[in-house]
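Read off the chains here:
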Amino acid sequence: MDTLLDLGFLATWLAAAVRLTGPLLLAALGELFSERSGVLNVGIEGIILLGALAAYVTAIQTGSPVLGIGSAAVIGLASAAFLAWMYVITQASQVVVGLIFNVFAMGAASYAFRMALGDVPRVELAPMFEPVSIPLLRDIPVIGSALFEQSLLLYATLALAALGGYVLYRTRFGLNLRAVGEYPRAAAAAGIDVVRMRIICVLISGLGAGLAGAYFVLVQIGLFRDTIVQGRGFIALGIVILARWNPYLAIAAALGFAAMDALPLSLQLFDTGIPSQALVALPYLLTILAVSGVFGRSRNPAALMQPYSANR
Amino acid sequence: MTVLKKTVQTLCYSTVAACVLSAAAAAETSVALVLPGSIGDGGWNQGAYVGLTMLDESEFKVAFSENVSQADIPSVVQGYADDGFDLIIGHGFQFGSLMAELAPEYPDQAFFATTSAPGDTEIPENTLYLDYRYPDLGYAVGVLAALLSDSGKIGVVGGGDNPTTQNLATGYADGAAKTVDGTTSYSIVTGDYNDAAKGREAATTMIGNGADVIWHSADITGIGAVSAAAAQKVTAIGMFSDQTEQAPEVLATSLNPNNTGIVQAVAGMVAKDSFEGGTTWVPDLGMVWLTVYGDGSYNPAIVSDADWETFKKAWSAIK
């Protein structure tokens, strides 16, 4: 406890960082597919919130967290279907539609939450996914508890990231999707249905965001309140940039962001001489640095935010 | 509402009958409550809202606005003032300087802010502020936490980074150190009142470093802190609402601001013409804070009678 190099400090910081990584990574993975196809889905912040609400209400009604995940996925896909229609078919401004959708989602979630649970909701805990503890491995100093005492959903999320990388770089679907995001006209000439591809990718981003919302409720908090997302959808947008639109790098980027978020918590237990105000501001400063190109230049998909129309 | 009242006042000059009507209208005290958060937050805002709803309908006419952002607060408060409400309650630190600035324009109406007046503020005659006695409260809870801790390490999770959060944490450490020698008090300020996930990590970090009693001073962030304590089976002390339902097994007690009682008390003062502004109201600690655990005041499975006695003694010794 006396020095920053104390193992206890590292262990608690790392464990907090890994726990915070899950929902960020899920949301970022979905967003990554959407952006790779050329659609910037800013609306994931709102979808995360709606997914969290769906997971909470379903889990307390049915007593099953698995059904909670299912309903968050359905809500995520439904929201994304609407957004895909706006982004891809009507070709409205992606940023404006996404931002307005977030405002709408906030209002809709608050309203639905009160309709479901009354004006003054009771504190009713949803059934949650308990962490699984892997014997022997969990006893490894420092990293043991951080890596081997986590929820199954975290391991599933990591597997999804690996799957995402495989799909993006090793399958025909992934190749087509990258082509659509780089040069849609050429992709269309090669026989790829650009519109269909983009709609699928926006749906994937909705699925990721919806599941991220379920993760908040079913792994981290057990309760729903309409403020719980706290800008993490926007952080996911930052993670995608830092990860250079690469699912494998997204794991590291999400962990990095989560570590920044967790660092001031652990640092405050030590007399560092840094005022707490500065520590609280630290993650935001590092976020700006992270997306500003300090950690290497990145190139976004060339057709990102460019509407595609077959007739022009 | 306003239009009606003004019509009544105008009529008053011409006919006697209308004057009777106006007297009847005047007997009804109108109270407006402006809330920075949701009436369903299960804590700070909800308590005041409940106080408002418990006012007698035959004597009071009530209105409220919730989730009012900092930017909208001045216009909302001014709107109620223009509408002629007898008492306008601003619930939170956001109303600190605003009430003192606005009140002189409406000398016949009363303004009440549930926060202390910012330093150097000259408090108008029709404005009342409230001292929640945060340093004293922190001290009292520190006493209890020290008594409940076996490891000699206790923690508090803070919300927004502001003087209230700092005062609570300082008082907490102070109370603990004076009660049980050598108690270490951790404090983590998350910088956010609404981030349950971060609150949970803050508490988990302190528990990971040996803390076995967790208090918090943050609404929704605090929900996360209590859930961390529940998950790791260490004692939790609730804040801003009765949190028994969330973690009945690990919760020792909750410190609940008596916003319900305060709103009723001030509305009563205005109704009885006994409202005296120009100052900051400093009630007894027991008037502003209640200890709640379900139907009782503490969890006997966690707090021994002797410890509760000691705590209560320290509580009432604070003047």
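All values derive from a computational prediction rather than experimental measurement.

A. Quick look at the overall build of chain B. A tally of helices and strands in chain B yields twelve helices and twelve strands. Relative to a compact globule of 319 residues, whose C-alpha radius of gyration would be 20 Å, chain B shows 22 Å and is just as compact. For chain B, the C-alpha atoms occupy an extent of roughly 75 × 35 × 35 Å along the three principal directions. Within the span of chain B, comprising 319 residues, buried residues form 52% of the whole. For chain B, contacts bridging at least 24 residues in sequence account for 65% of all contacts bridging at least 6.

B. The overall build of chain A, seen in detail. A tally of regular secondary structure across chain A gives twelve helices and two strands. Its helices and strands in sequence order give chain A the pattern α-α-α-α-β-α-β-α-α-α-α-α-α-α, from N to C terminus. Counting all 312 residues of chain A, 50% fall into the buried class. Considering only contacts within chain A whose residues lie at least 6 apart along the sequence, 79% involve residues at least 24 apart.

C. Geometry of the nonpolar core. Core analysis: the biggest nonpolar cluster contains 193 residues, and A:Ala28, A:Ala52, A:Ile239 and B:Ile214 have the highest contact counts within it. At 18 residues, the largest contribution of residues to this core is made by helix α9 (residues 194-221) of chain A. When near neighbours in sequence (up to four residues on either side) are disregarded, A:Ala52 contacts A:Gly213, A:Ala214, A:Phe216, A:Val217, A:Phe224, A:Ile228 and A:Val229.

D. Spotlight on the sheet that holds strand β3 (residues 87-90) of chain B. All names here are of chain B. Pairing is parallel in the open sheet, where six strands are placed in the order β2-β1-β3-β4-β5-β11. Looking at which strands have only one partner, the edges of the open sheet turn out to be β2 (60-65) and β11 (279-281). Neighbour-to-neighbour, the strand axes of this sheet turn through a mean angle of 20°, independent of strand direction. Bridge count for strand β4 (residues 110-113) against strand β5 (residues 127-130) is three bridges, and the pairing is parallel. When the sheet's bridge partners are listed, Phe 111 is paired in β5 with Thr 127.

E. Examining the sheet that holds strand β7 (residues 184-189) of chain B more closely. Residues and elements named next belong to chain B. In space, the six strands of this open sheet follow the order β7-β6-β8-β9-β10-β12, with mixed pairing throughout. Since the sheet does not close on itself, it has two edges, and those belong to β7 and β12 (289-292), each with one partner. Mean inter-strand twist for the sheet, computed between neighbouring axes without regard to direction, equals 20°. Two elements, strand β9 (residues 235-239) and strand β10 (residues 251-257), share four bridges in a ladder whose sense is parallel. In the strand pairing of β10, Gly 238 is matched with Ser 254. This element, helix α7 (residues 163-179), spans β6 (153-158), β7 and β8 (213-217) of the sheet and lies at about 170° to β6.

F. Layout of the packing of helix α6 (residues 134-148) of chain B against α7(B). All names here are of chain B. Contact geometry for α6 and α7: axes closest at 6 Å, N-to-C directions at 40°. As summarised for this structure, α6 and α7 are arranged oblique, according to the angle between their axes. As α6 packs across α7, the resulting crossing turns out to be right-handed. Residues belonging to the contact of α6 with α7 are distributed by class as follows: 15 nonpolar, eight polar and two charged.

G. Representation of the confidence of the model for chain A. Taken as a whole, chain A shows an average pLDDT of 90; of its residues, 96% reach a score of 70 or greater. Per-element confidence in chain A ranges from a low mean pLDDT of 78 for helix α12 (residues 276-291) of chain A to a high of 97 for helix α3 (residues 65-89) of chain A.

H. A look at the pairing of strand β1 (residues 29-34) of chain B. Residues and elements named next belong to chain B. With six of six residues buried, β1 lies mostly within the body of the structure. Of the two faces of β1, the one carrying Thr 29, Val 31 and Leu 33 and the one carrying Ser 30, Ala 32 and Val 34 are both buried. Bridging between β1 and β2 involves six bridges; their strand directions are parallel. In the strand pairing of β2, Thr 29 is matched with Phe 60. Following the chain from β1 across helix α3 (residues 44-53) to the adjacent parallel β2, one finds a crossover that is right-handed. As defined by bridge partners, β1 adjoins β3 across four bridges and the pair is classed as parallel. Looking at the pairing, Val 31 lines up with Leu 87 of β3.

I. Focus on unusual backbone geometry. A positive phi is found at A:Leu136, a non-glycine position, where the angle reads about 70°. Considering the arrangement of structural elements, one finds A:Leu136 in the loop between β1 (131-133) and α5 (143-148). Of note in this structure, B:Arg133 is not a glycine but carries a positive phi near 60°. Assignment of secondary structure puts B:Arg133 in the loop between β5 and α6.

J. Spatial organisation of the confidence of the model for chain B. Looking at chain B as a whole, its pLDDT mean stands at 88, while 92% of the residues score no less than 70. Scoring of the predicted complex yields 0.84 for pTM and 0.86 for ipTM.

K. Looking closely at the environment of B:Tyr49. All names here are of chain B. Along the chain, the position of Tyr 49 falls in helix α3. For the pair Tyr 49 and Asp 212, spaced 163 residues apart in sequence, the C-alpha separation works out to 34 Å. Those residues in contact with Tyr 49 that lie beyond four places of it in its chain are Leu 33, Leu 35, Ile 39 and Phe 64.

Scoring rules and cut-offs
- Residues numbered from 1 in each chain as written.
- Chains lettered and ligands numbered in written order.
- Predicted model: local features only at pLDDT ≥ 70, side-chain atom pairs only at ≥ 80, totals over all residues.
- Helix = DSSP H or I, 4+ residues; strand = E, 2+ residues; numbered from the N terminus.
- Rg over C-alpha atoms; globule rule 2.2 N^0.38 Å.
- Buried ≥ 20, exposed ≤ 12 C-beta atoms within 10 Å, placed from the backbone.
- Contact = placed C-beta atoms within 7 Å.
- Core = buried A, V, L, I, M, F, W, Y, C linked by C-beta atoms within 7 Å.
- Pairing = 2+ DSSP bridges.
- Axes fitted to C-alpha atoms, helices over the stretch in contact; angles between N-to-C directions.
- Parallel < 35°, antiparallel > 145°, perpendicular 65-115°, else oblique.
- Left-handed = near helix turned anticlockwise from the far one by under 90°.
- Nonpolar A, V, L, I, M, F, W, Y, C, P; charged D, E, K, R; others polar.
- pLDDT = per-residue confidence, 0-100.
- Right-handed = clockwise from strand over helix to strand, strands pointing away.

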